Amino acid sequence: MILLEFAAQGIRGVAPAGGRATLRPGYNVVAADGAALRRLLEALFYPDPRDADALPRPSGTASGGSLRAGLTLVGNDKITYRLVRDFQGAAQLHRFEAEKRSFALVASDLREIAAFLQQTAGVPPAPRLGVLLALSAAELPSRQSGGVGGSAPSLAPARAGLTAEQAAKKIAQLRAELSKAKIADKIQAQADENQHRAFKVDELLKGGAQAREGLAKAEAARAELEPLATVAASLGDVNARLASFEKATARRDEALARVAAERAAMDEAEAAGPPRPFWHDPTFWASVGGALALVIAALLLPSQGESWARTLRSFLAVLAGIAPGWGGWVAFRWVGSLEDWERRSRRRRIVDDWEKKVEVQYARDAAEVQAAMKAAGVQKLAELREALGRLADADAVVAEWRRRVEEWEATPEAAGARAEKARLEQERTALDAKLTSLMGGFMRDARSIEMEIQRLEAEAAAPAPAVRAPARPEPPRATGEPLRGLLERAAAELGSTPSGIGRQLTAKASQALSGLSFQRLSAIQVDDRAGVHAVSGGRPTPALTLPPADRDLVYLALKLALLEHALQTTKGVAVVEDAFGGLSDGARRFAARVLKQLARGGQLLHATTDAAFKEAADHHA
């Protein structure tokens, strides 16, 4: 599931420009109150008739004022949905119909909408969202009241009063520690300033980086067409070779058309069969029989007598001589037809030989182009032309990006920015070395040391208190220890054990803790009973004994690792409130990079106005 936009009207703390905020996959920074944004999303994900009473309203707004919100998302089924809700009235969930290019109503009942969003669109169940896909400042151990994870400034038992000599010795040690802490604060401030300048230099170099990224993408696309480039190289002059292929194809097609016409004519003539012999022709025998009949008739007439008889006999004799001529003409015509039949057979052989010659010549003329088409995986000349056109376009794109990179590299600003980046990197390395040599391991901030000095000085100046009976300890609160509670809740959602989940998260959590504490706390360990330990100076320390600020860092590291695991698993949406306000500028910038990295697995909404996070965001609304 990916959110595309949300809109709000009449809800305090959520006021996007124009009433609507657009979102994208990846890391989104939203300028809104974190608690209000999360409450709004929960009211849209899990609609309930009582949501209007829980949503914050601007001061001075009547309870009956307009209170509306909307949400557009792409579900796990790759379909776009739009939810519009009036918290004093109706709600409608629509689905985008691609065929009609319009939205169609899916449900208007709140229960049906909630069920559809979870079952079809991919909205996670409310407990999973709270445990795995959300982070708020109220979760931090220092913000939770009561129990071990309460807001008490220290977990150590009340100490017995120190003597004046012990107090003076302790104060001297604290002052020495305070001196180092102030130096460390100055170095840390320099490191933060270095990082800030490095960010500006990176912004300046971003134009060149974009050009190099574009060149890399263009070269990668061109590399995919390398087989086609080999084909083009084998053809030499591509345009001339393709034009010659087209002419050869036209000549072949014309010759084959003539061959087909010749064969059709011969087939039509041969369909009647060979000529019938003349002795099978009745007209031939009729002429022969007629001649014999005339001869017999002439012989039967008397040779002496009337003149008419002699004349008729002479006439019959002439007719008897003429009658065989018809039979001869029939025989002569049969001989001519027989010769035509034999010539037709020879013509068919000639046509067959001609067709073979045409095909052989075409194969010789088109061999290179046909081999190129086969190598390119195309069947038609038009497809080969299109493929070669894509190759030419890819070459042009690569040349254009290379020109931009060269122009950028040649600018004085780019040269100066590269030199400045190298100098800042050397400065950062030197500052890190100074911090490491000065601090060694754990070092508290100057303000907490000053407060402890003031407390010791006040205790030394005040009279010793009267001894009182020890107070009865209060029963533990129901909240429990926050770090163990986080692992237990995550294990319940993921179907595992707290210790198993803890060990699964330790690698990523250790990286996050090391960056947030600037290597002061180098790793996180989880034992078989789900006890959380922070490694400082190579030695594991129970997280329960750490100062509240460090317990918060351990909690943030675990929660960031849990967010990354959940986003990579579900490809869904995570919501983060402004839980990093108490960190230094360098730690917040590191947290911003971590949030951007883990958001690659899905979509992360971070409600904050901190510039450190806006600079790292993929998109901000």
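Remember, it's a predicted structure, so these values are computed and weren't measured experimentally.

Looking only at helices and strands, one finds 17 helices and 14 strands in the chain. Taking all 621 residues of the chain together, 38% fall into the buried category. Excluding contacts between residues fewer than 6 apart, the proportion of contacts in the chain whose partners are at least 24 apart in sequence is 70%.

Attention now goes to the pattern of salt bridges. Applying the stated criterion across every chain, the model contains 32 salt bridges. In this structure, R95 engages E97 in a salt bridge whose closest nitrogen and oxygen atoms are separated by 3.6 Å. R95 gets classed as partly exposed once you look at its relative accessible area, which sits at 27%. As a salt-bridge pair, D618 and K596 come within 3.7 Å of each other at their nearest N and O atoms. Separated by 22 residues along the polypeptide, D618 in the loop between α17 (611-616) and β14 (619-620) and K596 in helix α16 (residues 585-598) bring together distant segments of the chain. Shared partners join several salt bridges into a network, and the residues in it are D585, R588, R589, D610 and E615.

A word on the packing of aromatic side chains. The tally for this structure, following the rule as stated, stands at four aromatic pairs. The interplanar angle of 75 degrees and the centroid separation of 6.0 Å between the aromatic rings of F45 and Y46 together place this pair among those described as edge-to-face. Of the residues examined, Y46 reaches a relative accessible area of 15% and is grouped as buried. Ring geometry for F580 versus F613: centroids 5.5 Å apart, planes at 40 degrees, classification tilted. Here F580, found in the loop between β12 (573-576) and α16, pairs with F613, found in helix α17; they are 33 residues apart in sequence, far enough to count as distant. Take F580 and F613: they sit in the same class, and that class is buried. In this structure, R252 is placed above the aromatic ring of Y362, and the distance from its NZ or CZ to the ring centre is 4.0 Å. In this structure, R404 is placed above the aromatic ring of W401, and the distance from its NZ or CZ to the ring centre is 4.6 Å.

Take the sheet that holds strand β9 (residues 523-526) next. Spatially, three strands are ordered β9-β10-β11 in an open sheet, and the strand pairing comes out antiparallel. On the outer flanks of this sheet lie β9 and β11 (539-542), each paired with one strand and no other. With direction set aside, neighbouring strand axes in the sheet form an average angle of 35 degrees.

Here six strands make up an open sheet; going across it, the order is β2-β1-β4-β5-β6-β7 and the pairing antiparallel. Sheet topology places β2 (20-22) and β7 (102-107) at the edges, where each strand pairs with a single neighbour. Each strand of the sheet is rotated relative to its neighbour by a mean of 20 degrees, with strand direction disregarded. Strand direction decides the pairing type here: strand β1 (residues 2-9) and β2, joined by three bridges, are antiparallel. Within the sheet, the bridge partner assigned to F6 lies in β2 and is A21. Contacts from helix α1 (residues 34-45) reach β1, β4 (68-74) and β5 (80-86), with the element oriented near 70 degrees to β4. Packed on one face of the sheet, helix α3 (residues 110-121) meets β4, β5, β6 (91-97) and β7 and runs near 40 degrees to β6.

For the rest of this paragraph, the subject is the packing of helix α6 (residues 226-235) against helix α10 (residues 381-410). Angle between the axes and distance between the axes: these two values describe a pair of packed helices. Between α6 and α10, the least distance of the axes is 10 Å, while the angle of their chain directions is 110 degrees. When the axes of α6 and α10 are compared, the pair comes out roughly perpendicular. Across the interface between the two elements, L228, A229 and A232 from α6 touch A387, L388 and L391 from α10. Grouping the constituent residues of the contact of α6 with α10 by class yields six nonpolar, no polar and no charged.

The element strand β13 (residues 603-607) is extensively covered by neighbouring structure, given that five of its five residues are classed as buried. The alternating pattern of β13 places Q603, L605 and A607 and L604 and H606 on opposite faces, both of which are buried. Relative to β13, strand β3 (residues 26-30) is paired through five bridges, and the arrangement is parallel. Considered in β13, the bridge of N28 is made with L605. Where β12 meets β13, four bridges bridge the pair, whose relative direction is parallel. Bridge pairing in β13 links A574 to L604. Taking the sense of rotation as the criterion, the β-α-β connection linking β12, α16 and β13 turns out right-handed.

Criteria and cut-off values
- Residues numbered from 1 in each chain as written.
- Predicted model: local features only at pLDDT ≥ 70, side-chain atom pairs only at ≥ 80, totals over all residues.
- Heavy atoms only, no water.
- Helix = DSSP H or I, 4+ residues; strand = E, 2+ residues; numbered from the N terminus.
- Buried < 20%, exposed > 50% of the residue type's maximum accessible area, 1.4 Å probe, protein only.
- Contact = heavy atoms within 4.5 Å.
- Salt bridge = Lys/Arg side-chain N within 4 Å of Asp/Glu carboxyl O.
- Phe/Tyr/Trp six-rings, centres within 6.5 Å; stacked < 30°, edge-to-face > 60°.
- Lys NZ or Arg CZ within 6 Å of the ring centre and 35° of its normal.
- Pairing = 2+ DSSP bridges.
- Axes fitted to C-alpha atoms, helices over the stretch in contact; angles between N-to-C directions.
- Parallel < 35°, antiparallel > 145°, perpendicular 65-115°, else oblique.
- Nonpolar A, V, L, I, M, F, W, Y, C, P; charged D, E, K, R; others polar.
- Right-handed = clockwise from strand over helix to strand, strands pointing away.

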